[in-house]
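One letter stands for each residue in the lines below.
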Amino acid sequence: MESQNIRPGHLTAHQTARTLGITLGGVRLLVHRGQLTRSGGTPRQPWYPATDVAALLAKRRERAAA
């Protein structure tokens, strides 16, 4: 279940996974590898900065186009 009260400029784990086209496990792996950092929420429902997600998406698209 997604949190309904999220700060502006942040995405839930579900929104982040959907944006990046990966699973929730993939999001957790990105956090574990240090490529994405949590910026709020709870341990079970973390939030991620939308700017960080957008930058990661751009990097992934650039790498795929090369």
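Scope of this entry: the structure provided in the associated data block.

Bringing the overall build of the protein chain into the picture now. Of regular secondary structure, the protein chain possesses three helices and three strands. For the protein chain, the α and β elements follow one another from N to C terminus as β-α-α-β-β-α. The C-alpha radius of gyration computed for the protein chain amounts to 12 Å, which stays within 12% of the reference 11 Å derived for 66 residues, consistent with globular compactness. Based on the C-alpha atoms only, the size of the protein chain along its principal axes is roughly 40 × 20 × 20 Å.

Take the packing of helix α1 (residues 13-20) against helix α3 (residues 50-65) next. One way to put it is that α1 packs onto α3 with a least axis distance of 10 Å and a crossing angle of 20°. With respect to α3, the element α1 is oriented roughly parallel. Considering only the axes of α1 and α3, their crossing is right-handed. Together, Thr16, Thr19 and Leu20 of α1 and Val53, Leu56, Leu57 and Arg60 of α3 make up the contact between the two elements. Considered class by class, the residues forming the contact of α1 with α3 number four nonpolar, two polar and one charged.

Ranked by size, the top nonpolar core spans eleven residues in total: Leu11, Ala13, Ala17, Leu20, Val27, Leu30, Leu36, Tyr48, Val53, Leu56 and Leu57. Counting residues per element, the ones that place at least two in this core are α1, α2 (24-32) and α3.

Here the focus is the sheet that holds strand β3 (residues 46-49). In a beta sheet, neighbouring strands are held together by backbone hydrogen bonds and run either parallel or antiparallel to one another. Sheet architecture is open: three strands sit in the order β1-β3-β2, paired in antiparallel fashion. Taken across any chain shown, the strands that pair with only one partner, and hence form the sheet edges, are β1 (10-12) and β2 (40-41). With two bridges joining them, β2 and β3 adopt antiparallel strand pairing. Paired with glycine 41 across the bridge in β3 is proline 46. On top of the sheet, α3 reaches β1 and β3; it is set at about 65° to β3, its chief contact.

Over its 16 residues, α3 runs 22 Å from end to end, which matches the ideal 22 Å to within 8%, given 1.5 Å per residue. Among all positions in α3, only Val53, Leu56 and Leu57 are buried. Down the axis of α3, the buried set is contained in an arc of 100°. They therefore lie on one face. Exposed side chains of α3 directed beyond 90 degrees from the buried face belong to Thr51, Lys59, Glu62 and Ala65. Where α3 is buried, its residues meet β1, α1, α2 and β3.

Definitions and cut-offs
- Residues numbered from 1 in each chain as written.
- Predicted model: local features only at pLDDT ≥ 70, side-chain atom pairs only at ≥ 80, totals over all residues.
- Heavy atoms only, no water.
- Helix = DSSP H or I, 4+ residues; strand = E, 2+ residues; numbered from the N terminus.
- Rg over C-alpha atoms; globule rule 2.2 N^0.38 Å.
- Axes fitted to C-alpha atoms, helices over the stretch in contact; angles between N-to-C directions.
- Parallel < 35°, antiparallel > 145°, perpendicular 65-115°, else oblique.
- Left-handed = near helix turned anticlockwise from the far one by under 90°.
- Contact = heavy atoms within 4.5 Å.
- Nonpolar A, V, L, I, M, F, W, Y, C, P; charged D, E, K, R; others polar.
- Core = buried A, V, L, I, M, F, W, Y, C linked by side-chain atoms within 4.5 Å.
- Buried < 20%, exposed > 50% of the residue type's maximum accessible area, 1.4 Å probe, protein only.
- Pairing = 2+ DSSP bridges.
- Expected span 1.5 Å × (residues − 1).
- Arc of directions from axis to C-beta.

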